Amino acid sequence: MPDVTNILIVGAGSCLGGMARYVVGTLIQSRSGSLFPWGTLAVNVIGCFLMGIIVGLIGKGVSISDGLRLFVTVGFCGGFTTFSTFMHENTLLLDGGNFALTLIYAAVSLVLGLGALYAALRLI
C-alpha cells in the first residue's frame, strides 16, 4: 500500500493540474473558434514539456525530493494532461464524419507531445 502522505501529495497535484487543464484548455479552445480541439492539444503538449523538464533535471543530477517529483509528475502533469479527453474528442470527430481531421489531430498530438518532451530534455 502506498504511503498516505504520497497519496495526498499526488492528490493535491492532480487537483491543481485538473483545474489548470480546465482553465488553459477552455481559454485556448474558446479563442480558437474551431472544431479542432486546440485546448486539449495545448495542455497535452505543455504537460509533456513540463514532464521533460522535470525528468531532464533529475537525469542531470538535480536533487528533487520524492514528494516534489510525485507532486509535479504523477500529480500535476497527470491531472493537467488527459488521454481520456483526447480519445473522446477523437471519437466525436469520427462520429461527425471528420475522418481526416481525426487522423490529423491524433498525429499532431503524438508528434508535438513527443517533440515537446524531447525538446525539454535537450534544454536541460
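The rules we used
- Residues numbered from 1 in each chain as written.
- Predicted model: local features only at pLDDT ≥ 70, side-chain atom pairs only at ≥ 80, totals over all residues.
- Heavy atoms only, no water.
- Helix = DSSP H or I, 4+ residues; strand = E, 2+ residues; numbered from the N terminus.
- Buried < 20%, exposed > 50% of the residue type's maximum accessible area, 1.4 Å probe, protein only.
- Contact = heavy atoms within 4.5 Å.
- Lys, Arg positive; Asp, Glu negative; His and termini not counted.
- Charge placed at Lys NZ, Arg CZ, Asp CG, Glu CD.
- Expected span 1.5 Å × (residues − 1).
- Patch = residues over 30% accessible without salt bridge, like charges linked within 9 Å, V, L, I, M, F, W, Y side chains within 5 Å.
- Areas by Shrake-Rupley, 256 points an atom, 1.4 Å probe, with all protein chains shown as cover.
- Salt bridge = Lys/Arg side-chain N within 4 Å of Asp/Glu carboxyl O.
- pLDDT = per-residue confidence, 0-100.

Moving on to the overall build of the chain. When helices and strands are tallied, the chain shows five helices and zero strands. Taken from the N to the C terminus, the helices and strands of the chain come in the order α-α-α-α-α. By principal-axis analysis of the C-alpha atoms, the chain measures approximately 50 × 30 × 30 Å. A burial count over the chain gives 30% of its 124 residues as buried. Residue pairs in contact within the chain that sit at least 24 positions apart in sequence constitute 71% of those at least 6 positions apart. Computing the positive centroid from 5 side-chain charges and the negative centroid from 4, the chain places the two 13 Å apart.

Helix length check: helix α3 (residues 66-80), at 15 residues, gives a terminal C-alpha distance of 19 Å against a target of 21 Å (1.5 Å per residue), a fit within 8%. Regarding α3, the residues found buried are L70, V72, T73, G75, C77, G79 and F80. Contacts made by the buried residues of α3 are with α1 (4-32) and α2 (38-59).

Looking now at a nonpolar patch on the surface. Together, Y22, V23 and L27 give the surface a local cluster of nonpolar side chains, amounting to about 320 Å² of exposed area. The topology assignment puts V23 in helix α1.

Our focus in this paragraph is the confidence of the model for the chain. With 100% of its residues at a pLDDT of 70 or more, the chain shows a mean pLDDT of 93. Mean pLDDT across the elements of the chain ranges from a minimum in helix α4 (residues 83-95), with 89, to a maximum in α1, with 97.

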